[in-house]
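Analysis of the macromolecular model
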Number of protein chains: 2
Amino acid sequence: MQWAKVLGLGVGAAALLGLGIILGHFAIPKKADPSTSAPQDLDLEVLETVLGQLDAGRIRENLRELSREPHLASSPRDAALVQLLLQRWRDSVSGLDSAEAIENEVLLSFPSQEQPNHVDVVSPSGTILYSCLQNEENLTGEQGGPDVVPPYAAYAPPGTPQGPLVYANRGTEEDFEELQTQGIKLEGTIALTRYGGAGRGAKAVNAAKHGVAGVLVYTDPADINDGLSSPGETFPNSWYLPPSGVERGSYYEYFGDPLTPYLPARPSSFRLDLANVSGFPPIPTQPIGFRDAKVLLCNLNGNVALSAWQGALGCDYRLGPGFRPNGQFPADSQVNVSVHNRLELKNSSNVLGVIRGAVEPDRYVLYGNHRDSWVHGAVDPSSGTAVLLELSRVLGTLLKKGTWRPRRSIVFASWGAEEFGLIGSTEFTEEFFSKLQARTVAYINVDISVFANATLRVQGTPPVQSVVFSAAKEIRSPGSGDISIYNNWIKYFNRSSPVYGLVPSLGSLGAGSDYAPFIHFLGISSMDIAYTYDRSKTSARIYPTYHTAFDTFDYVDKFVDPGFGSHQAVAQTAGSVLLRLSDSFFLPLNVSDYSETLRSFLQAAQQDLGDLLEQHSISLGPLAMAVEKFETAATALDQHISTLQKGSHDPLKVRMLNDQLMLLERTFLNPRAFPEERYYSHVLWAPRMGSVATFPGLANACSRANDVGAGSEAWAEVQRQLSIVVAALEGAAATLMPVPDL
Amino acid sequence: MQWAKVLGLGVGAAALLGLGIILGHFAIPKKADPSTSAPQDLDLEVLETVLGQLDAGRIRENLRELSREPHLASSPRDAALVQLLLQRWRDSVSGLDSAEAIENEVLLSFPSQEQPNHVDVVSPSGTILYSCLQNEENLTGEQGGPDVVPPYAAYAPPGTPQGPLVYANRGTEEDFEELQTQGIKLEGTIALTRYGGAGRGAKAVNAAKHGVAGVLVYTDPADINDGLSSPGETFPNSWYLPPSGVERGSYYEYFGDPLTPYLPARPSSFRLDLANVSGFPPIPTQPIGFRDAKVLLCNLNGNVALSAWQGALGCDYRLGPGFRPNGQFPADSQVNVSVHNRLELKNSSNVLGVIRGAVEPDRYVLYGNHRDSWVHGAVDPSSGTAVLLELSRVLGTLLKKGTWRPRRSIVFASWGAEEFGLIGSTEFTEEFFSKLQARTVAYINVDISVFANATLRVQGTPPVQSVVFSAAKEIRSPGSGDISIYNNWIKYFNRSSPVYGLVPSLGSLGAGSDYAPFIHFLGISSMDIAYTYDRSKTSARIYPTYHTAFDTFDYVDKFVDPGFGSHQAVAQTAGSVLLRLSDSFFLPLNVSDYSETLRSFLQAAQQDLGDLLEQHSISLGPLAMAVEKFETAATALDQHISTLQKGSHDPLKVRMLNDQLMLLERTFLNPRAFPEERYYSHVLWAPRMGSVATFPGLANACSRANDVGAGSEAWAEVQRQLSIVVAALEGAAATLMPVPDL
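If you're wondering where the values come from, they're calculated on a predicted model, not measured in any experiment.

Residue and element names in this part refer to chain A. Strands sit in the order β3-β2-β11-β5 across an open sheet of 4 strands; the sheet is antiparallel. In the strand order of this sheet, the two ends are held by β3 (128-131) and β5 (162-163), each with one partner. Where β5 meets strand β11 (residues 334-338), 2 bridges bridge the pair, whose relative direction is antiparallel. The residue of β11 that forms the bridge with Gln-162 is Asn-336.

Have a look at this one:
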């Protein structure tokens, strides 16, 4: 062999070996290398598949089954639906990883079956001259039967007060003061009020302060039916409320099981003695339909009420007391309200279904709705549950096929006994407080999924705005040509954002559904998603058959959402939000959107309270500085996110960032801020008096301090509330700052 | 070329290429591959280096500098020490990554310089017959001078009560009841009490309930000096307290700045009106030395006190009231207590020094001690600060050299105004509540590092036991031959563990130092580390010169720890614990050690309270079930940890586990459990009446309910407390369960 050859072979061999080394090192990826290989992230193909598979027809079928029978909390049908959910979520083809029912023992309130509640006009001699309907008219064959609970005011105490009738408009404090100003003696009267204006229970609370003995509540056609009231114009001939329709509801002032505040309602839990329970209406209360309300109201004596108090019953509303001469009843007739409600300890279950996260199983995205209804509850809540079941079916199918598993865990929830006061969800948050607070990324609530067909409507805290927008931009709006849900939405609800320009306007979260304990008690970023009205076409307070026996499948199928396109749109929107939250490597919570809220709250405080505070030598300076500190920290964090997104995608680094995003909402909690407001700990979203959108603790304290006769203690409370919100904002800013900094 | 050759070359080439590929793939590690390469973990060589460099001589020099002058909170010397700390922690050779001072504006209490407090015996005509010393005797040249604050009871109100003297032993409730039983009229008297038995402030609270007008407190030689009292037997001739020595102290009942409960004490913060502050002693109170106490006590009239009330002053202790005939004073002489303390808003700083974590910067290990002293404070707190500075120097040096950076962030803290009621640390936890709660792995407190030379003494919650044991096993005990600190410790404090057999016994955490807000308010696993007494050699309540002007450098150098070997041992132990917590890949918090505590609390409840509860139809069954649930979850978690430790070392998986370990302690917090116990939210470690170690809420509620005359409300509270602890244990168990489970 020649040297050259040997050398050639040697060089060739070295080159081959070298090539092999290079190939081996660079061309063959090592397994499970989370820092250099792409981390598990939102898969847009999977997202498209999910959205494509969400089927309007199946949602319709779900709704038919869910609303087939009345399913009042703790009823046999409610229990049957628990089984239905378990069966669906345990299905081998389309089920989840696991599902279980957790039973609580909670205090509910029901009308007596033996002694029905009744409302009558009674002559001085005791003769019954007129009786209000005890049940709604059976217009579609679904309003009869033993499972239809008669109209009642849950948690109103039993009693049979009788007295002259007065009309008290919406039963607010101002309304009763107006009656007093008019010289009407309220002691011992029965007050007829209409829904709206004040919370259900508040009407009785306000009434009782003036010595009123009993309260009636009805829904005025002006408030619910755009003025229409005849049988021909109402259901089943239109979506409007029939004259006999009655809104049921909980009249309990707080939420959660009334006997176990702050404790889970397990069988062995401590329960308050009934004598120590607060928040129930103080006097007997009963809701009636507008057919009966008309008879009572149009026969009233006394002055004609203010024009703002008038409704659409076709007569002048007078104030009373008592009936007018020459009316349907002798002038000295009275109204008797007989309430025989009973409190009962009942079992109510939450059903939980879990999809285990592949990468971060200890981060939860929660998606829930209540299961219980007042009667058939086709709209409320089954329109939401029908969507929930379809979404879990589509995700479950992908899961069981092995084609997808989310990055984070997904928890689906079907809450019990929401109608009685968000009981199931509240007990759940009490039982798993620490774990949920440490691990939950966000809570998505879809209760009534479709009020009407016009537009998306979302309530939520600022961090969820961006993910909702992202979802809404990529889904076609139902039935309005080729326009996105986002572009449709912006036509109905919008605002001018200093940062983004014209954008759809997110509503803020009150306590109207099961998101309440998540946002107010746990400080978890939450949202509520639905399709809703074109407000130029209806002024109804809510969809007209709300909480009545007319809220049935046919009502939805014919009037609310024929074709179920809006249901599908909500399923797609909520599904997209869910997947983005569960699967995105970088959590899509834009915490810097809180800056806009804080700045606007601050400006409102400066404008609305600044002068008053200055008169009492209280400066908003520290608050302004805290807002600025938050803004600076949020801007710097956004910069950090951009850098990270361009960088190495180290899963631990992104986890640390995501923890900052997830926990930001928690920093606004202070359980010592308003101890008298049960469960409300979020210093930005607690209940607020007045119409100015600003810091609630500060606004409420100012309002109380500004009362005639309030002393220095009340002004000290203003200062305390100011310090509480400053400390919360500084704590929030500290959480957004680079993690090793103090 | 022949075919065989070509083939041979081809085969050879393929083999070479293949070999290359194999080498390239397996033999050359890819950079930054956290899942397959070893993650950053505790480096035993670094640990050994650190322990080896902790130098007794340097600790001694630190102590000399720190205790050179009195440094009462907010004094100029206190401010100078803030600068010293900043300078050390910003040093370019041995400093940390960053250091800053955070100033608070807090309410402190000082004696008047113009009107010194004084205690006198006064004849009926008003002549002063005897005056107690206003200052300690200047025995070493260090007890004089304007910077030595005269003995006083901080926060005791000003006033000049005068009345007949009584002796009230330790001033407990039982002590005053005993005096009443003996028929002694307490109204308007001055009560002489000795330290111990009840908290400082409690003596005045108890006294005031019986109409006592003023309180004197002294330290009995029986309690502090093993009976010795003559000048020749005491400092500077021995470590015992000289006759003129007086223990200063805070008499405030709560902790934190008195004007800003639950809010940081920033200049703009809301402050309570003084009229609304609670927790100050209700009546003038003044501490005196036993030289003066002897003159008062040995001249008392009345019955001889119980033997348990006798001390070592060399006379029979009588109860009074008033002086005996034929004694040093006319029998009708009285004692006048003139207190002129003033409350002042003062600036007090915390100093924070940070070492940024390399891998998990958002996980903090906190290590702190207070800086302020009553006088020179050589033992309290400078013995701890001297160790803190040495530890931060050694770690800072490695850091600046670039040879080490911890996995997690380390935060060193020098707290202000601890002596007045843990003020600096409490304000810090209020200001950074959310962030600290979300991110802090553990808090290490080293206040007084050396009480005496005999043995290690650690107080802490169960999860820290294992890491303290690990550290203590690998460090040599000072001055006792070749035995580990652990093996020495077990000789002095031990217990029989059902799980481990004979082990050193960890004490539980009260509120004696700055760990209190971390464990009780934030729920952060905490510990306090020191060297302490051989109890067979002394029965002193605490080291004799505690809170006096005799607690000086020479006192430490000559009597407490000549050679500073115990200081070095504490530095090594605390340093090892710190490094293990900051650097270990798997957090060394053994949460399953809580099982033993819970089981023993349960057994104590069953034994001590079971019968009583049964009489009131209250079952401990749910509590027993909750304890079992916790044990099961903890055992399963231990199994999971073993599996993970053998497995792939995925940093995200270990982070998820570590979060469970870190947050377990948080699950025991319930801010609504004992709202009247300010800051105490930990349902296992809140203050407890009685001597039985069990669940404090339950024990206290039982104790109150069992009082004669307690009604059904008190028994309802027992049931509420039982449900609170059951819910906490179930929440804790849920946190330990596999992370996607509910």
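More follows now that the structure is in view.
Now for the sheet that holds strand β8 (residues 214-218) of chain B. All names here are of chain B. Taking strand neighbours across the sheet as the criterion, the 4 strands line up as β6-β7-β8-β10 in an open arrangement whose pairing is parallel. Where the open sheet ends on each side, the last strands, each with one partner, are β6 (165-167) and β10 (285-288). Averaged over all neighbouring strand pairs, the angle between strand axes comes to 25 degrees, with direction disregarded. Of the pairings in the sheet, the one linking strand β7 (residues 190-194) to β8 comprises 5 bridges and is parallel in character. Of the residues in β8, the one forming a bridge with Ala-191 is Val-215.

This paragraph deals with the UniProt feature "domain: PA" (unreviewed entry) in chain A. Residues given the UniProt feature "domain: PA" (unreviewed entry) here are residues 162-249 of chain A. Annotated as 26% helix and 18% strand, the span residues 162-249 of chain A places its first and last C-alpha atoms 23 Å apart.

If you check helix α17 (residues 593-615) of chain B, its first and last C-alpha atoms are 33 Å apart, about what 23 residues at 1.5 Å a residue would give, namely 33 Å. The positive-phi residue at the C-terminal boundary of α17 of chain B is Ser-617 of chain B, with phi of around 55 degrees.

To continue, consider the pattern of salt bridges. Evaluated as defined, the whole model comprises 70 salt bridges over all chains. The salt bridge partner of Glu-114 of chain A is Arg-342 of chain A, with a shortest N-O separation of 3.2 Å. Here Glu-114 of chain A, found in the loop between β1 (98-110) and β2 (118-122), pairs with Arg-342 of chain A, found in strand β12 (residues 342-355); they are 228 residues apart in sequence, far enough to count as distant. The shortest N-O distance in the salt bridge between Glu-360 of chain B and Arg-408 of chain B comes to 3.6 Å. With Glu-360 of chain B in strand β13 (residues 360-370) and Arg-408 of chain B in strand β14 (residues 408-415), the pair connects residues that are 48 residues apart, well separated along the chain. Under the relative-accessibility criterion, Arg-408 of chain B is labelled buried at 1%.

Let us now look at unusual backbone geometry. Cis geometry is found at the peptide bond from Phe-235 of chain A to Pro-236 of chain A, where omega equals 5 degrees. When you line up the elements, Pro-236 of chain A lands in the loop between α7 (221-224) and β9 (249-250). Cis peptide bonds are those with omega within 30 degrees of zero, and the linkage from Gly-320 of chain B to Pro-321 of chain B qualifies with 0 degrees. Along the polypeptide, Pro-321 of chain B turns up in the loop between α8 (290-297) and β11 (334-338). A positive phi is found at Asn-326 of chain A, a non-glycine position, where the angle reads about 65 degrees. Residue position: Asn-326 of chain A is located in the loop between α8 (290-297) and β11. Backbone geometry at Tyr-679 of chain B places phi at a positive 75 degrees, although glycine is not the residue there.

Here we take up the pairing of β11 of chain A. Residues and elements named next belong to chain A. Of all 5 residues that make up β11, 4 are buried, and the element is covered over most of its length. For β2 and β11, the ladder comprises 5 bridges, and the chain directions are antiparallel. Its bridge partner lying in β11, Val-122 is registered against Gln-334.

Below, the discussion takes up the domain arrangement of chain A. For chain A, the assigned domains are domain 1 (44-103 + 347-473 + 509-540 + 552-583), domain 2 (114-343) and domain 3 (591-736). Distance between the C-alpha centres of domain 2 of chain A and domain 3 of chain A: 40 Å.

Reading guide: rules and limits
Residues numbered from 1 in each chain as written. Chains lettered and ligands numbered in written order. Predicted model: local features only at pLDDT ≥ 70, side-chain atom pairs only at ≥ 80, totals over all residues. Heavy atoms only, no water. Pairing = 2+ DSSP bridges. Helix = DSSP H or I, 4+ residues; strand = E, 2+ residues; numbered from the N terminus. Axes fitted to C-alpha atoms, helices over the stretch in contact; angles between N-to-C directions. UniProt positions renumbered as here; feature names shortened; annotations may be inferred. Expected span 1.5 Å × (residues − 1). Salt bridge = Lys/Arg side-chain N within 4 Å of Asp/Glu carboxyl O. Buried < 20%, exposed > 50% of the residue type's maximum accessible area, 1.4 Å probe, protein only. Domains from an automatic or database assignment.

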